[in-house]
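Take a look at the letters that make up each chain.
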Amino acid sequence: MPNSVNYTCECVIGFSGERCETEINPCDNNSCENGASCNKVVGSITNYTCECPTGFRGEFCELEIDPCANNSCANGATCKPMPNSVNYTCECVIGFSGERCKTGLYFKQQNN
């Protein structure tokens with residue numbers, strides 16, 4: 001009967017398996033949110049970054065961007081976020097127009 005040798009492998013960080021043959025991908029169990037893409041950090045076996053889709057930010061893309069937070073709508077206009085975007089439009093009140101409602105409209109009174 002041939003001699004049998006029993007052994008176990010102790011894997012270095014980033015590898016697993018009976019003989020440490022499987023490289024662990026840090027993106028397999030990532031914390032990216034809101035449909036973000038996980039990107040393995042080049043030269044690292046444990047780190048990754050999240051590439052946020054439009055409208056989100058933060059380390060894990062957990063924060064929604066509010067396009068109206070710092071809007072420049074003028075003269076009492078209402079900021080309206082655009083769907084799936086970080087842009088907005090301004091809904092002008094009567095008497096104003098323009099992209100940011102900064103143009104005053106002057107009405108000439110008609111004499112009858």
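Model, not experiment: these values are computed from the prediction.

Student: Outline the overall build of the chain, listing residues and values.
Tutor: The helix and strand tally for the chain stands at 0 helices and 10 strands. A compact globule built from 112 residues should have a C-alpha radius of gyration of about 13 Å, whereas the chain, at 29 Å, is more than 25% larger. Along the three orthogonal principal directions, the C-alpha set of the chain runs to about 120 × 20 × 15 Å. Burial analysis of the chain (112 residues in total) assigns 18% to the buried set. Considering only contacts in the chain between residues 6 or more positions apart, those separated by 24 or more positions represent 16%. Per element, the accessible surface of the chain, about 9000 Å² overall, is 47% carbon and sulfur.

Student: Go over the nonpolar core with me, naming the residues and quoting the values.
Tutor: Among the nonpolar cores identified, the biggest contains 7 residues, and these are Cys-68, Cys-73, Ala-77, Cys-79, Tyr-88, Cys-90 and Cys-101. With residues up to four places along the chain from it excluded, the contact list for Tyr-88 reads Pro-67, Cys-68, Asn-71, Ser-72, Cys-73, Cys-79, Lys-80, Pro-81, Met-82 and Arg-100.

Student: Outline the domain arrangement of the chain, supporting the account with residue identities and numerical values.
Tutor: Taken as a whole, the chain is organised into domain 1 (25-65) and domain 2 (66-106). On a C-alpha basis, the centres of domain 1 and domain 2 stand 33 Å from each other. Contact residues are listed per partner, giving 4 residues for domain 1 and 5 residues for domain 2. When the two sides are added together, the surface that domain 1 and domain 2 hide from each other amounts to roughly 300 Å², 67% of it contributed by carbon and sulfur. The largest share of the area that domain 1 buries against domain 2 comes from Thr-54, Gly-55 and Ile-65, three residues that together contribute 97% of it. Our count for the contact surface shared by domain 1 and domain 2 stands at 0 residue pairs in polar contact (both at pLDDT 80 or more).

Student: Account for unusual backbone geometry, naming residues and giving values.
Tutor: A positive phi angle, close to 60°, is found at Cys-20, a residue other than glycine. Even without a glycine there, the phi angle at Cys-101 is positive, about 65°. Among the secondary structure elements, Cys-101 is positioned in the loop between β9 (96-97) and β10 (103-104).

Student: If you had to explain the UniProt feature "domain: EGF-like" (unreviewed entry) in the chain to someone new, which residues and values would you point to?
Tutor: Here the UniProt-annotated "domain: EGF-like" (unreviewed entry) positions come out as residues 1-21, 23-62 and 64-102. Along residues 23-62, the helical share is 0% and the strand share 28%, with 28 Å between the first and last C-alpha atoms. For residues 64-102, the helix share is 0%, the strand share is 28%, and the end-to-end C-alpha distance is 28 Å.

Student: Break down the pattern of salt bridges for me, with residues and values.
Tutor: By the definition in use, this model includes 2 salt bridges. Across the salt bridge formed by Lys-40 and Glu-23, the nearest N and O atoms sit 2.9 Å from each other. Of this pair, Lys-40 sits in strand β3 (residues 37-40) while Glu-23 sits in strand β2 (residues 22-23); the two residues are 17 residues apart in sequence, bridging distant segments of the chain. The partly exposed category is assigned to Glu-23, whose relative accessible area is 45%. Across the salt bridge formed by Arg-100 and Glu-99, the nearest N and O atoms sit 3.5 Å from each other.

Rules of the game
Residues numbered from 1 in each chain as written. Predicted model: local features only at pLDDT ≥ 70, side-chain atom pairs only at ≥ 80, totals over all residues. Heavy atoms only, no water. Helix = DSSP H or I, 4+ residues; strand = E, 2+ residues; numbered from the N terminus. Rg over C-alpha atoms; globule rule 2.2 N^0.38 Å. Buried < 20%, exposed > 50% of the residue type's maximum accessible area, 1.4 Å probe, protein only. Contact = heavy atoms within 4.5 Å. Areas by Shrake-Rupley, 256 points an atom, 1.4 Å probe, with all protein chains shown as cover. Core = buried A, V, L, I, M, F, W, Y, C linked by side-chain atoms within 4.5 Å. Domains from an automatic or database assignment. Buried area = accessible area lost by both parts, 1.4 Å probe. Polar contact = N/O pair within 3.5 Å; in protein donor to acceptor, adjacent residues only side chain to side chain. UniProt positions renumbered as here; feature names shortened; annotations may be inferred. Salt bridge = Lys/Arg side-chain N within 4 Å of Asp/Glu carboxyl O.

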